[in-house]
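Structure at a glance
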Amino acid sequence: QKDNFKLSSYHSGKDGNNNVWKTTGTKGSCGDKSTFGRYTHSISGYAPGTYKMKASWTSPSSQSTQATASFTIPGFTTTSVSQVFDAITVGSSNSKTISFGTHYGTALTTSNCSLSSKTDFSVTSINESSVTVKFNPTTAGNKSATLTITDAHGKVCTINLTGEVKCVVTWIVDKEKTTETVAHGLKVASAPTIDPNDLPCGDKFVGWTTSFYVHPTDAPATLYPTAEDIPAIEGDITFYAVFADYE
């Protein structure tokens, strides 16, 4: 604006930060033109975020002005996250929204995401503070994968994913069916109790087999007399109670 910085004379000197400045140009209808020395401020070590810088100038005649500017340092406020999914069984799924703080810079999309294994996990959505991952396993056991998010500026956030898939154990006694879940690789703690008094006259419970079985004389090739005899569970399985008919 006119006359805001009209100086009584032209001279040179230094500002409070020891930067050389001087007035240049000629008087005109818009007043004096002034240029000042350059001041450099290092932003090395600043965390990702949006910042505002304000600069102030004061003339020898105590006139002052200010200017502000905003700038963004791209990156993630968190660079490593871990997420444990709830235990589920094959055929079911579980989704989690995982927070990684805040991302600054070019907007993120699912194309910024990379999974070390897509067999059991998938990315369904992402924004500037969280990502949604679906846990959809196809086999039992402990599952894991690493999700790497790389933004347009080369900044990286890694998310370690883990989840457990339990086995479904089904017990069939005559026409009655019960189910339970057992951790992969562990043995069943017990089997349904069969009361001999509930059996038809002449029938005797002899153990468990893994498929429906009827034979006039021979016992099934696979027969577990008690739950303790059943090996560690490696996947979904069904056990059938086997009875022998004694005349």
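Residues numbered from 1 in each chain as written. Predicted model: local features only at pLDDT ≥ 70, side-chain atom pairs only at ≥ 80, totals over all residues. Heavy atoms only, no water.

Some details on the overall build of the chain
Filter applied, for reference: We count a stretch as a helix when DSSP gives it H or I for four or more residues in a row; a strand needs E for two or more, and each element gets its number in order from the N terminus. Whether two residues touch is decided by their heavy atoms; if any such pair falls within 4.5 Å, the residues are in contact. Computed by Shrake-Rupley with a 1.4 Å probe, the accessible areas treat only the displayed protein chains as cover when residues are assessed.
When its secondary structure is counted, the chain shows zero helices and 17 strands. Residue pairs at least 24 apart in sequence account for 56% of intrachain contacts in the chain once pairs closer than 6 positions are excluded. In the structure as shown, the chain presents an accessible area of about 15600 Å², 48% of it carried by carbon and sulfur atoms.

Details of the nonpolar core
Quick note on the threshold: Take the buried Ala, Val, Leu, Ile, Met, Phe, Trp, Tyr and Cys residues and link them wherever side-chain atoms come within 4.5 Å; each set so joined is a nonpolar core. Each residue's exposure class comes from its accessible area (1.4 Å probe, protein chains only) as a fraction of the maximum for that residue type: buried when under 20%, exposed when over 50%, partly exposed otherwise.
Core analysis: the largest hydrophobic core is formed by 37 residues, its most contacted members being Phe100, Val131, Leu147, Ile149, Ile159 and Leu161. Of all the secondary-structure elements, those providing two or more residues to this core are strand S7 (80-89), strand S10 (113-115), strand S11 (121-126), strand S12 (130-135), strand S13 (141-150), strand S14 (156-173) and strand S17 (237-245). Looking at which element gives the most residues to this core, the answer is S14, with eight residues. Not counting the four nearest positions on each side in its chain, leucine 161 is found in contact with Gln83, Phe85, Ile98, Leu115, Phe121, Val133, Lys143, Ser144, Ala145 and Leu147.

Re the confidence of the model for the chain
Quick note on the threshold: Each residue carries a pLDDT score, the predictor's own confidence in it, on a scale running from 0 to 100.
Averaged over every residue, the pLDDT of the chain is 83; the share at 70 or more is 83%. In the model, residues 1-33 has pLDDT below 50 throughout and makes 50 contacts with residues more than four positions away in sequence or in other chains.

Concerning the packing of aromatic side chains
The relative placement of two aromatic rings is captured by the distance of their centres and the angle of their planes. The criterion, for reference: When the centres of two rings from Phe, Tyr and Trp lie within 6.5 Å, Trp using its six-membered ring, the rings pair. Their planes under 30 degrees apart give stacked, over 60 give edge-to-face, and anything left gives tilted.
If you walk through the whole model with that rule in mind, you get twelve aromatic pairs. Summarising the aromatic geometry, the rings of tryptophan 171 and tryptophan 208 are spaced 4.9 Å apart at their centres and angled 70° between planes, so their arrangement reads as edge-to-face. You can see tryptophan 171 sitting in strand S14 and its partner tryptophan 208 sitting in strand S16 (residues 203-209), a full 37 residues away along the chain. Owing to a relative accessible area of 2%, tryptophan 171 belongs among the buried residues under this scheme. According to the relative accessible area criterion, tryptophan 208 is buried, its value standing at 1%. Ring centres 5.1 Å apart and planes at 25° place the aromatic pair tryptophan 171 and phenylalanine 239 in the stacked group. Of the two residues, tryptophan 171 is situated in strand S14 and phenylalanine 239 in strand S17; the sequence distance between them amounts to 68 residues.

Observations concerning the sheet that holds S12
Worth spelling out the cut-off: Strand pairing is defined by DSSP finding a minimum of two bridges between the two strands. Throughout, an axis means a line fitted to C-alpha atoms (over the contacting stretch in the case of helices), and angles, computed between N-to-C directions, take values from 0 to 180 degrees.
Strand order in the open sheet made by the three strands is S8-S12-S11, with antiparallel pairing throughout. If you trace the sheet from one side to the other, it starts and ends with strand S8 (94-99) and S11, each paired once. In this sheet, neighbouring strand axes are inclined to one another by 25° on average, regardless of whether the strands run parallel or antiparallel. Across six bridges, S8 lies against S12 in antiparallel orientation. By the bridge assignment, serine 99 is partnered in S12 with serine 130.

So, the side chain of glutamine 83
Summarising the element assignment, glutamine 83 is placed in strand S7. With relative accessibility at 17%, the residue glutamine 83 sits in the buried group. Once you skip the residues sitting within four places of it in the chain, glutamine 83 turns out to touch Lys96, Ile98, Asn160, Leu161 and Thr162.

Focus on the pairing of S11
Looking at chain direction, S11 and S12 are connected through five bridges and run antiparallel. Bridge pairing links valine 123 to valine 133 in S12. With antiparallel pairing between neighbouring strands as the criterion, S11 and S12 make up a hairpin whose turn holds three residues.

With respect to the environment of cysteine 113
By the element assignment, cysteine 113 lies in strand S10. Here cysteine 113 is in contact with Val123, Ile126, Leu147, Thr148 and Ile149, once residues within four sequence places are set aside.

Notes on the pairing of strand S5 (residues 64-73)
Sheet analysis places strand S4 (residues 49-58) next to S5, joined by ten bridges and oriented antiparallel. Pairing of threonine 50 across the sheet is with threonine 72, part of S5. Between the antiparallel neighbours S4 and S5 lie five residues, among them serine 62 with a positive phi of about 70°.

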